[in-house]
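Each chain is listed here by its residues.
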Amino acid sequence: MMSGLCHCKIGPSILNADLSCLASESQKMLDNGADYLHLDVMDGHFVPNLTFGAPLVQCLRKHIPHAFFDLHMMVAQPEKWVKDMAEAGADQYTFHLEATSDPESLIKQIREAGMKVGIGIKPNTPVEDVLPFVDKVDMVLIMTVEPGFGGQKFMSNMMPKVKCLREKYPRLDIEVDGGVGLSTIEEVAKAGANMIVSGSAIVKSSDPKSVIDQLRAAVNKWAIKESPP
Ligand SMILES: O=C(CO)[C@@H](O)[C@H](O)COP(=O)(O)O
Ligand SMILES: [Fe+2]
């Protein structure tokens, strides 16, 4: 198995950065080759940790006008924050399937607010649960740690979920998040993920550009190439 007919994109998670300098830390990631920013929103209910909400996203947007913001919404009521996040400048709203009883109308609500739609599943949620919604979303996120904290150990046993999705959907954007770095990227790339969230491995490195370049090279090595006409 290998990544599909879609581009590799590297999205640093800034959770483990110096959050007192969020704008400059984010800009540093972009200057070092990041394709997008993965912003982890936690509400202390869906996950046992608390981060930030729309006011911070709005401030960051003023400093970073052009980058793609992927909002990873680890919140118990994802319906509640769609409008605020859209107005704050989010480009993609990635909600957790486990957090909603009506994914279809949430997807519609996100689209109507003008954002792209991501749908994520936690480690204990089977990939089959997300299949009915894949055609309606822009991206599927397979969590490779229990959501809540950066710096956790990558769960290899999530790779069959990625493989299953890639086999069925060669063009789907498949994101992985949690414990992804230089020692785990090969597995992730082989399984077929093309959107790579990486927090501590990039943010804590003295050479983030080199880490981003190496992550990208591993994904591209396994990418399916479009055959010439
Ligand atoms: O959503 C989450 C954690 O819940 C992630 O985005 C992590 O913040 C990624 O950090 P590392 O595991 O790569 O350090
Ligand atoms: Fe995340």
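Nothing here was measured: the structure is a model prediction, and the numbers come from that model.

**Re the overall build of the protein**
Looking only at helices and strands, one finds 8 helices and 8 strands in the protein. When the backbone C-alpha atoms are referred to their principal axes, the protein occupies close to 45 × 40 × 35 Å. Buried positions account for 54% of the 229 residues belonging to the protein. Only carbon and sulfur atoms are counted for the fraction: they give 53% of the accessible area of the protein, which is about 10000 Å². The average position of the 23 basic charges and that of the 29 acidic charges among the side chains of the protein differ by 3 Å.

**Points about the coordination of the iron ion (ligand 2)**
Of the protein atoms, only His38 (NE2), Asp40 (OD), His72 (ND1) and Asp177 (OD) coordinate the iron ion (ligand 2), at distances of 2.1 to 2.2 Å. Considering all 6 donor atoms around the iron ion (ligand 2), the spread of angles at the metal, 74 to 175°, places the coordination shape in the octahedral class. Read in sequence order, the donor residues for the iron ion (ligand 2) give the motif H-x1-D-x31-H-x104-D. On the criterion of sequence distance, the pair formed by Asp40 in strand E2 (residues 36-42) and Asp177 in strand E7 (residues 173-177) is long-range, its members being 137 residues apart. Asp177 carries the same exposure label as Asp40, and that label is buried.

**Considerations on the packing of aromatic side chains**
For the structure shown, the criterion picks out 1 aromatic pair. With a centroid separation of 6.4 Å and 85° between ring planes, the pair formed by Tyr36 and Phe68 is classed as edge-to-face. Residue Tyr36 is located in strand E2, and its partner Phe68 is located in strand E3 (residues 68-74); the two are separated by 32 residues in the primary sequence. Over the ring of Phe69 we find Arg61; its NZ or CZ atom is 3.7 Å from the centre of that ring. Over the ring of Phe46 we find Lys122; its NZ or CZ atom is 4.8 Å from the centre of that ring.

**Quick look at the site of ligand 1**
Around ligand 1, a shell composed of 20 residues is seen, among which Gly148, Asp177, Gly179, Gly199 and Ser200 lie nearest. Ser13 places a side-chain nitrogen or oxygen 3.1 Å from an oxygen atom of ligand 1. Contacts to ligand 1 include Gly199, whose backbone N or O atom sits 2.7 Å from an oxygen atom. Summarising the interface, the protein chains cover 99% of the accessible area of ligand 1, which totals 380 Å² for the free molecule. Those elements giving two or more residues to the shell around ligand 1 turn out to be E2, E3 and strand E8 (195-198). Among the elements that line the shell around ligand 1, the one with the most residues is E2, at 3 residues. The class makeup of the residues in the shell around ligand 1 is 7 nonpolar, 11 polar and 2 charged.

**Section: the UniProt feature "binding site: a divalent metal cation" (unreviewed entry) in the protein**
Here, the residues flagged by UniProt with the feature "binding site: a divalent metal cation" (unreviewed entry) are His38, Asp40, His72 and Asp177. For the annotated residues, spread through 140 residues, the largest C-alpha to C-alpha distance comes to 10.5 Å, consistent with a single compact locus. Assignment of secondary structure puts His38 in strand E2. Polar side-chain contacts of His38 include one of 2.9 Å to the side chain of Asp40. For Asp177, a relative accessible area of 8% corresponds to the buried category.

**Points about helix H5 (residues 159-168)**
For H5, the set of buried residues is Met159, Lys161, Val162, Cys164, Leu165 and Arg166. The elements touched by buried residues of H5 are strand E5 (116-121), strand E6 (139-143), E7 and helix H6 (185-191).

**Topic: the pairing of E6**
With 5 of 5 residues buried, E6 is to be regarded as a mostly interior element. Of the two faces of E6, the one lined by Met139, Leu141 and Met143 and the one lined by Val140 and Ile142 are each fully buried. Note: E5 against E6, 4 bridges, orientation parallel. Looking at E6, one finds that Ile121 is bridged to Ile142. Once you follow E6 into H5 and on to E7, the crossover reads as right-handed.

**Description of the sheet that holds strand E4 (residues 92-96)**
With parallel pairing, 8 strands are arranged side by side in an open sheet as E1-E8-E7-E6-E5-E4-E3-E2. One side of each edge strand has no neighbouring strand; the edge strands of this open sheet are strand E1 (9-12) and E2. For this sheet the average axis-to-axis angle between neighbouring strands, irrespective of direction, equals 20°. The sheet contact formed by E1 and E8 spans 4 bridges and is parallel. Following the sheet pairing, Pro12 is matched in E8 by Ser198. Contacting E5, E6 and E7, H5 runs over the sheet at an angle of about 175° to E7.

Basis of the calculations
Residues numbered from 1 in each chain as written. Chains lettered and ligands numbered in written order. Predicted model: local features only at pLDDT ≥ 70, side-chain atom pairs only at ≥ 80, totals over all residues. Heavy atoms only, no water. Helix = DSSP H or I, 4+ residues; strand = E, 2+ residues; numbered from the N terminus. Buried < 20%, exposed > 50% of the residue type's maximum accessible area, 1.4 Å probe, protein only. Areas by Shrake-Rupley, 256 points an atom, 1.4 Å probe, with all protein chains shown as cover. Lys, Arg positive; Asp, Glu negative; His and termini not counted. Charge placed at Lys NZ, Arg CZ, Asp CG, Glu CD. Donors = N, O, S within 2.8 Å, 3.2 Å for Na, K, Ca; no water. Tetrahedral: all angles 85-135°; square planar, octahedral: opposite > 155°, others 65-115°. Phe/Tyr/Trp six-rings, centres within 6.5 Å; stacked < 30°, edge-to-face > 60°. Lys NZ or Arg CZ within 6 Å of the ring centre and 35° of its normal. Near = heavy atom within 4 Å. Polar contact = N/O pair within 3.5 Å; in protein donor to acceptor, adjacent residues only side chain to side chain. Nonpolar A, V, L, I, M, F, W, Y, C, P; charged D, E, K, R; others polar. UniProt positions renumbered as here; feature names shortened; annotations may be inferred. Contact = heavy atoms within 4.5 Å. Pairing = 2+ DSSP bridges. Right-handed = clockwise from strand over helix to strand, strands pointing away. Axes fitted to C-alpha atoms, helices over the stretch in contact; angles between N-to-C directions.

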